[in-house]
Amino acid sequence: MPKRLPAIARSLNPVELFLGPVFQRDMRVLGRRKGTYWTRALYALALLVFCAMFYMAQVVDARHVTGASRLQQFQNLAPFIAAALAWLQLAAVVLVAPVLTGPLVCDEKRNRTISALATSPIPALHIICAGVLSRLVQLTILMLIAAPLMLALRAFGGLDVELIAGVTALTASAGFLAASLGAWSSVHAKKPWSAAASAFLFMFVVNFLPMILWGISNFYPRLRLGPLVDASSVLTTFFAMLTLTIPEASRGMPFGGPGMWITVTVGNVVAGGVVCVIAAWQLRRVLVREAAETP
């Protein structure tokens, strides 16, 4: 065991762990795909059209209003558009993340290159972490496209900085968890779309599990599911975003609160890291089996 400590320390080096050859290869491959640039362009266009529609509708409604009333209408417009953009961005990131990480291992199986990967000196943890990080770079670019629009809405007034920070943190953490689930599903699935679908299903269950448990506890109080409701609410990005953007809609819930987005952000990051470790452990078993079968 003491002889293996230097090798273990080198494998946990952040530069080797996240920015190794797998990360460099994936960045080159993703950067050369036309679909990457088409996705960014269409996403930016959708955001601009979305904001323009709301702005033009507000301008038409405010034609017959002047003075303080007109200013008040535009101040009420900024939080509304920001909330709509927040939900649009969250949906886009959560949908795109598993699609990007789904082919992480499935493509190696489909191209019959997993045997070569199994005989390489690259650890399984490096493959998962670097592959997820390369996809997170693409998601970060999508989020940065929406950031200037969110900041520009502050010119109308009535938009809190905490809303922008909370929306960004929730979206980034949810994207990381969805990407990790896509990578984990890719280890077991044979096709990328199957891995992405499994990640979508798990994200849906995790987000609505507190609501389901809460409904069951109301019908069967003897089950005492309160601790499970509190524990599962740590990963419910949906209700955290609802509490942040529409506080009135979350009233009466047994979970939630002004600072719920902080707890959910930390929970998503921790859960995503655990999923990556589990995916690496299971991928290592697959690579060992492939290496043993390779002549």
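Residues numbered from 1 in each chain as written. Predicted model: local features only at pLDDT ≥ 70, side-chain atom pairs only at ≥ 80, totals over all residues. Heavy atoms only, no water.

Engineer: I keep staring at a nonpolar patch on the surface and nothing clicks. Help me out?
Structural biologist: Taken together, the side chains of Leu 201, Phe 204, Val 205, Leu 209, Ile 212, Ile 216, Phe 219, Tyr 220 and Leu 223 present a nonpolar region at the surface, about 930 Å² in accessible area. Within the element layout of this structure, Phe 219 appears in helix H10 (residues 192–219). When its relative accessible area of 71% is taken as the criterion, Phe 219 is described as exposed. (Patch = residues over 30% accessible without salt bridge, like charges linked within 9 Å, V, L, I, M, F, W, Y side chains within 5 Å. Areas by Shrake-Rupley, 256 points an atom, 1.4 Å probe, with all protein chains shown as cover. Salt bridge = Lys/Arg side-chain N within 4 Å of Asp/Glu carboxyl O. Helix = DSSP H or I, 4+ residues; strand = E, 2+ residues; numbered from the N terminus. Buried < 20%, exposed > 50% of the residue type's maximum accessible area, 1.4 Å probe, protein only.)

Engineer: I would appreciate a short explanation of the layout of surface pockets in the present structure.
Structural biologist: Roughly 300 Å³ of volume is contained in the second largest pocket. Around the second largest pocket, the lining residues are Trp 87, Leu 90, Ala 91, Val 94, Leu 95, Phe 200, Met 203, Phe 204, Asn 207, Phe 208, Thr 237 and Phe 238. At the level of secondary structure, the elements contributing two or more residues to the lining of the second largest pocket comprise helix H5 (68–101), H10 and helix H12 (237–245). Taken together, the residues of the lining of the second largest pocket sort by class into ten nonpolar, two polar and no charged. (1 Å grid on protein atoms, 1.4 Å probe; cavity = no way out; pocket = protein on both sides within 12 Å on 5 of 7 lines; lining within 4 Å. Points joined across faces, edges and corners; volume = space filled by probe spheres on them. Nonpolar A, V, L, I, M, F, W, Y, C, P; charged D, E, K, R; others polar.)

Engineer: Would you take a moment to explain H12 for this structure?
Structural biologist: Because each turn of an α-helix spans 3.6 residues, side chains separated by three or four positions end up pointing in the same direction. Judged by how many residues are buried, H12 sits mostly within the fold: eight of nine residues are covered. For H12, the complete set of buried residues consists of Thr 237, Phe 239, Ala 240, Met 241, Leu 242, Thr 243, Leu 244 and Thr 245.

Engineer: When you look at the confidence of the model for the protein chain in this model, what are you seeing that I'm missing?
Structural biologist: Note that predicted coordinates carrying low pLDDT should not be read in detail. Put simply, the protein chain has an average pLDDT of 77, and 79% of its residues get 70 or more. At the level of individual helices and strands, the protein chain shows its lowest average pLDDT in helix H1 (residues 5–11), which scores 52, and its highest in helix H9 (residues 161–188), which scores 88. (pLDDT = per-residue confidence, 0-100.)

Engineer: What am I meant to see in the packing of H9 against H12 here?
Structural biologist: Axis angle and axis distance: for two packed helices, these are the angle between their axes and the distance between the axes, and together they describe the pair. Two numbers describe how H9 lies on H12: the axes approach to 10 Å, and their chain directions differ by 170°. Looking at the two axes, H9 sits roughly antiparallel to H12. For the pair H9 and H12, contact is made by Glu 162, Leu 163, Gly 166, Val 167, Leu 170, Thr 171 and Ala 174 and by Thr 237, Ala 240, Met 241, Leu 244 and Thr 245, respectively. (Axes fitted to C-alpha atoms, helices over the stretch in contact; angles between N-to-C directions. Parallel < 35°, antiparallel > 145°, perpendicular 65-115°, else oblique. Contact = heavy atoms within 4.5 Å.)

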